[in-house]
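Examining the three-dimensional arrangement
Residues per chain are reported as follows:
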Amino acid sequence: MECLMIDQLESELEHITMAAKEIVVSSPGKVILHGEHSVVYGKLALAVCINLRTKVQIRPLPAQPGNLKLHFPDLKSSYTFSVDALTALKPQESQRFRHTTFSEIWLAHSHLVAQLKTFVTSLYPHRSDDQGIIAFLFLLLVQSRKPIDPMEVTVTSEIPIGAGLGSSAAYSVAIAGALHRLNYPHRKGSLTRNSLLDQENNNHAGLKTLQTNGVKKQKLEARISLRPNVSTPNTSLVENFSSTAQEEICQWAFLAEKILHGNPSGIDNSVCTFGGLLSYQSSSGKTPLKAPDNLRILLINTRVSRNTKALVERVRSKVYEFPKVTNCILEAMDKVSHHCLDTLTQLRKLSQVLVPLRGLESGYGSETSGSSCNESSEDSDPNNDDEQEQLFRKLEVLIDTNQGLLSALGVSHPTLDRIQAIAGKQNLHAKLTGAGGGGFAFALITPSHTPKQVKIVREEMESNGFDCWETVIGGAGVQIHNAD
Ligand SMILES: Nc1ncnc2c1ncn2[C@@H]1O[C@H](COP(=O)(O)OP(=O)(O)O)[C@@H](O)[C@H]1O
Ligand SMILES: C[C@@](O)(CCOP(=O)(O)O)CC(=O)O
């Protein structure tokens, strides 16, 4: 009882002091290395976040006329709702939500989804297929511990939408994070100073305009920088949420993903919240992992748009119709993920023994160089190199195997087969990532691939109409940008 009163007082105090403060929260996209689809059936999956992010900005608006405005420039859509109309839909008992589980919250309030659809469609009859707005309003009404204030919300993203890089999870996590900040402005996390130059050096990335599904976006294009990784005055302060807050955001984002997808496994919102590399299984949740230093991938965009929900449904129908056949496929996918996990763990141990960054020092990316990434290190142990090469070979076999299994499940696409063939000509191995049916593939770059091979693959992908660039994997999950 006393606890509840303190909570209420704290909430009111926060409400007063948060006035006129802008909130900016971002979340990364992701690549599923192995386990897409099978993870929906309880199998192990591995995912890593990438350096493309979705940003949510919340700005307070004047109390009159009391509107909530939402802008989704990537979707070319905007909404305006009266705060009073939304408040009328807000569940009364929201004060007690913190004390129940998230599945209870979902059970108690899933009917609100239908109410919100009716509400939004009555004002915007041509937007009935936009689940993103419903997910936002659901979180706003259910997550919030206090009255809804007039505000303007803008969502922008570097992640191609509907292509398998987790734009929906990044959206869900970023809105859940921004609303969490709005609810608990005084719960401080840890501050980090992100040096822009450091980021650039770490990322080896530059910005390039990318056209996806008719929407112009910025993509990070691989390029090499041999500048030393030094701190510069060109810095930005970011705040990481506390681990308790991260857990809460992940769960709220899962509910948003339910609205967007119907039956998400939980891997996407987990990796977009916590960042880095993780393994995930619905029975045990996430396990953070350390990525080997030399894990590098090329991202390839088929530019074929597809719908995650429809693909998950397609697999479900197949599983229902041919349970014995599909169980074997799902089981094999589980084994692929386990093998990949073991191999990455061994590579991680080995990469700490091997000379760090020698791949970069060898001039990777200096496009004329035809030397192997291994050649620069004169003092390396040939036994370690052999072991490393064998481990990378295993990763390649697992990629080919899983691409075959995903194809057998019916979620590949002719463009994905072409991508696999183009990569294969230079001995690179590629598979689809995410729900498939088009979207993105990734190809593994190993230390034995020469810069020239990678360059040829990139050029051939581009000349076939596929966007292709090396991405940076790992890094931060959900973050607050206007920390002070
Ligand atoms: N930048 C954004 N702005 C608004 N909504 C977004 C944005 N990014 C993602 N979404 C939401 O996520 C949906 C895409 O989900 P999905 O088809 O699963 O693609 P993905 O594979 O990229 O996650 C969009 O239709 C939209 O509702
Ligand atoms: C197919 C699936 O395994 C991943 C979907 O990823 P994406 O929405 O295509 O980025 C579904 C899920 O895990 O919920």
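Treat the numbers as computed from the prediction; the structure is a model and nothing was measured.

**Notes on helix α9 (residues 267-274)**
- With respect to burial, α9 is a largely interior element, 8 of its 8 residues being buried.
- Taken residue by residue, α9 has I267, D268, N269, S270, V271, C272, T273 and F274 as its buried positions.
- Looking at the buried residues of α9, the elements they touch are β1 (23-34), β2 (45-60), α6 (167-183), α8 (243-261), β10 (277-281) and β11 (285-289).

**What about unusual backbone geometry?**
- Look at the link from Q64 to P65: it is a cis peptide, with omega at 5°.
- Structurally, P65 can be placed in the loop between β2 and β3 (67-72).

**Topic: the site of ligand 2**
- Surveying the vicinity of ligand 2 reveals 18 residues, the closest of which are K30, H37, S265, R306 and A435.
- Contact distances for ligand 2 include 3.4 Å between an oxygen atom and a backbone N or O atom of G164.
- Interatomic distance of 2.6 Å between a side-chain N/O atom of R306 and an oxygen atom of ligand 2.
- In the complex, 96% of the free accessible area of ligand 2, which totals 380 Å², lies under the protein chains.
- Tallied by class, the residues present in the shell around ligand 2 amount to 7 nonpolar, 7 polar and 4 charged.
- When residues are assigned to domains, the shell around ligand 2 turns out to be shared by domain 1 (2-251) and domain 2 (290-471), each giving three or more.

**Comments concerning α6**
- Along its 17 residues, α6 runs 24 Å from first to last C-alpha, staying within 8% of the 24 Å computed at 1.5 Å per residue.
- Most of α6 is tucked away: 17 of the 17 residues are buried.

Rules used in this analysis
Residues numbered from 1 in each chain as written. Chains lettered and ligands numbered in written order. Predicted model: local features only at pLDDT ≥ 70, side-chain atom pairs only at ≥ 80, totals over all residues. Heavy atoms only, no water. Buried < 20%, exposed > 50% of the residue type's maximum accessible area, 1.4 Å probe, protein only. Helix = DSSP H or I, 4+ residues; strand = E, 2+ residues; numbered from the N terminus. Contact = heavy atoms within 4.5 Å. Near = heavy atom within 4 Å. Polar contact = N/O pair within 3.5 Å; in protein donor to acceptor, adjacent residues only side chain to side chain. Areas by Shrake-Rupley, 256 points an atom, 1.4 Å probe, with all protein chains shown as cover. Nonpolar A, V, L, I, M, F, W, Y, C, P; charged D, E, K, R; others polar. Domains from an automatic or database assignment. Expected span 1.5 Å × (residues − 1).

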